[in-house]
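Secondary and tertiary structure notes
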Amino acid sequence: MPFDPNDIMKDRLTDIGPPKFDKFFPPIVKKNYGKWKYHEIIQPGVLVHVSETGDELYSVRVGTPRLVSVDFIREVCEIADKYCDGYVRWTTRNNIEFLVSDKSKLQPLIDDLKSRDNRFPIGGTGACITNIVHTQGWVHCHTPAIDASGIVKSVMDELYEYFCSHKLPAQVRISLACCLNMCGAVHCSDIAILGVHRKPPFIEHERVQNVCEIPLVIAACPTAAIKPKKVEIDGKEYKSVEINKARCMFCGNCYTMCPALPIADGQGDGAAIWVGGKVSNSRVPPKFSKLAVPYIPNEPPRWPTIVKTIKKIVETYASDARRYERIGEWIDRIGWERFFEKTGLEFRHEHIDDYRLAMTTWRTTTQFKW
């Protein structure tokens, strides 16, 4: 059939892009689309959404480890079929939400989830620590300085009580990125764990010309630290590259383009802790995270120093902040000097930012002042 501009979906056959979103709406959501009045938290992890028509939808949020097995997904589907007519969704922070339209099934669902050996912890709403957004880590990524799943598991094991309760002054968002390419939201989280490389890539000169397109490698560097160079090894000349170590920011982009420039270093790689960021526009504009701890070494399998540091920050914030005050707002009120004093963290030269276009000058808000 010819293309009809008045009906662009007619006879459309394509596998490009996702299906139309409302195809997967539960009937109650489709019926009340655009008519929801409000929602409220009944208990940690359980919300009721009320429509103008009087319909109510209950969502029960549970945490997941993000990297899950087929058996786990089948178990989730089994629960959803039993209590939710098969309707379930994943949130952007890797939580699961079971969508219950029949109030009589709400408590049986909660009881069922609690009976499953803590595999489905209910929480992650309101003034709590919700699930940690994280990147791939050693499981999949090729440029990580730290693992992702292992650190997240270790941290959340220690902070579990804050996921299932409303003990904190406000919500706390924790994120993790394995390197400073940060496909995790570490630039704007209350607490962020950022993997850091501390050495430039190692150049395997004999391999570069065989496995890499040198112009792409040079173009991939955001600081223009790479240039072409001919190298002689054992009397044989190789087309390779040279890295200006003073300009290198250890991002690993060159390794993405060229596997002959490995950047992983078992001794030098580690993590930095950043604090005080947020995306919300409420009360004060959005904030970038700022450096709290410049370097913590890799300590698998449980990363005790990272866990201890984050727990100390959370507990200090919980005991000292005012209600509704996010971590960045708390720090702004008491000052950075008091933050370091109260948390016991060491202030180092890495905390001094003398870059003339530093993050404090960047516009981060949609709020306008005339």
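The present account deals with the structure reproduced in this document.

What counts, and at which threshold
- Residues numbered from 1 in each chain as written.
- Predicted model: local features only at pLDDT ≥ 70, side-chain atom pairs only at ≥ 80, totals over all residues.
- Heavy atoms only, no water.
- Disulfide = S-S within 2.5 Å.
- Phe/Tyr/Trp six-rings, centres within 6.5 Å; stacked < 30°, edge-to-face > 60°.
- Helix = DSSP H or I, 4+ residues; strand = E, 2+ residues; numbered from the N terminus.
- Buried < 20%, exposed > 50% of the residue type's maximum accessible area, 1.4 Å probe, protein only.
- Lys NZ or Arg CZ within 6 Å of the ring centre and 35° of its normal.
- Pairing = 2+ DSSP bridges.
- Core = buried A, V, L, I, M, F, W, Y, C linked by side-chain atoms within 4.5 Å.
- Contact = heavy atoms within 4.5 Å.
- Axes fitted to C-alpha atoms, helices over the stretch in contact; angles between N-to-C directions.
- Parallel < 35°, antiparallel > 145°, perpendicular 65-115°, else oblique.
- Left-handed = near helix turned anticlockwise from the far one by under 90°.
- Salt bridge = Lys/Arg side-chain N within 4 Å of Asp/Glu carboxyl O.

Moving on, we come to the state of the cysteines. Considering all chains together, one arrives at one disulfide under this definition. Here C141 is not disulfide-linked; the sulfur of C179 is the nearest cysteine sulfur, at 5.6 Å.

Time to look at the packing of aromatic side chains. This structure, assessed with the given rule, holds 11 aromatic pairs. Relative to F120, the ring of F72 has its centre 5.2 Å away and its plane inclined at 15°; by these criteria the two rings are stacked. You can see F72 sitting in helix 2 (residues 70-83) and its partner F120 sitting in the loop between helix 3 (106-114) and strand 6 (133-134), a full 48 residues away along the chain. The class for F72 is buried, based on a relative accessible area of 11%. Measuring from centroid to centroid gives 5.3 Å for F340 and F347, while their planes differ by 90°, and the two rings are edge-to-face. Looking at F340, the relative accessible area reads 9%, which means it is buried. Chaining the aromatic ring pairs together yields one cluster made of Y317, W330, W336, F339, F340 and F347. If you follow K20 out to its NZ or CZ, it ends over the ring of F21, 5.1 Å from the centre.

Attention shifts here to the pairing of strand 7 (residues 174-177). Side chains of strand 7 alternate between two faces, with I174 and L176 and S175 and A177 buried alike. Relative to strand 7, strand 6 is paired through two bridges, and the arrangement is parallel. By the bridge assignment, H134 is partnered in strand 7 with L176. With four bridges joining them, strand 7 and strand 8 (residues 191-196) adopt parallel strand pairing. When the sheet's bridge partners are listed, I174 is paired in strand 8 with I191.

With that settled, consider the nonpolar core. Counting 40 residues, the largest nonpolar core has I191, I193, I273, I306, I310 and F339 as the members making the most contacts within it. Those residues in contact with F339 that sit more than four places away from it in its chain are V275, A292, I313, W330, I331, I334 and L345. Counting residues in each nonpolar core, the second largest holds 21 residues, with V60, V62, I79 and F98 among its members.

Here helix 4 (residues 149-158) crosses helix 9 (residues 304-320) at 45°, and the two axes come no closer than 9 Å. Overall, the two elements helix 4 and helix 9 adopt an arrangement that is oblique. Note that helix 4 runs across helix 9; the crossing there is right-handed. Across the interface between the two elements, I151, S154, V155 and E158 of helix 4 pack against I306, V307, I310 and K311 of helix 9.

In this section: the pattern of salt bridges. Applying the stated criterion across every chain yields a total of 28 salt bridges. R119 serves as the salt-bridge partner of E75, at 2.3 Å between the closest nitrogen and oxygen. Pair noted here: E75 is in helix 2 and R119 is in the loop between helix 3 and strand 6, with a separation of 44 residues, a long-range link. You can call E75 buried: its relative accessible area is 14%. Note that D265 is salt-bridged to K199, the shortest N-O span being 3.5 Å. Of this pair, D265 sits in the loop between helix 8 (253-257) and strand 11 (270-275) while K199 sits in the loop between strand 8 and helix 6 (205-211); the two residues are 66 residues apart in sequence, bridging distant segments of the chain.

For the rest of this paragraph, the subject is the environment of R12. Within the fold, R12 resides in the segment before helix 1 (27-31). Taking C-alpha positions, R12 is 55 Å from A321, a pair spaced 309 residues apart along the chain.

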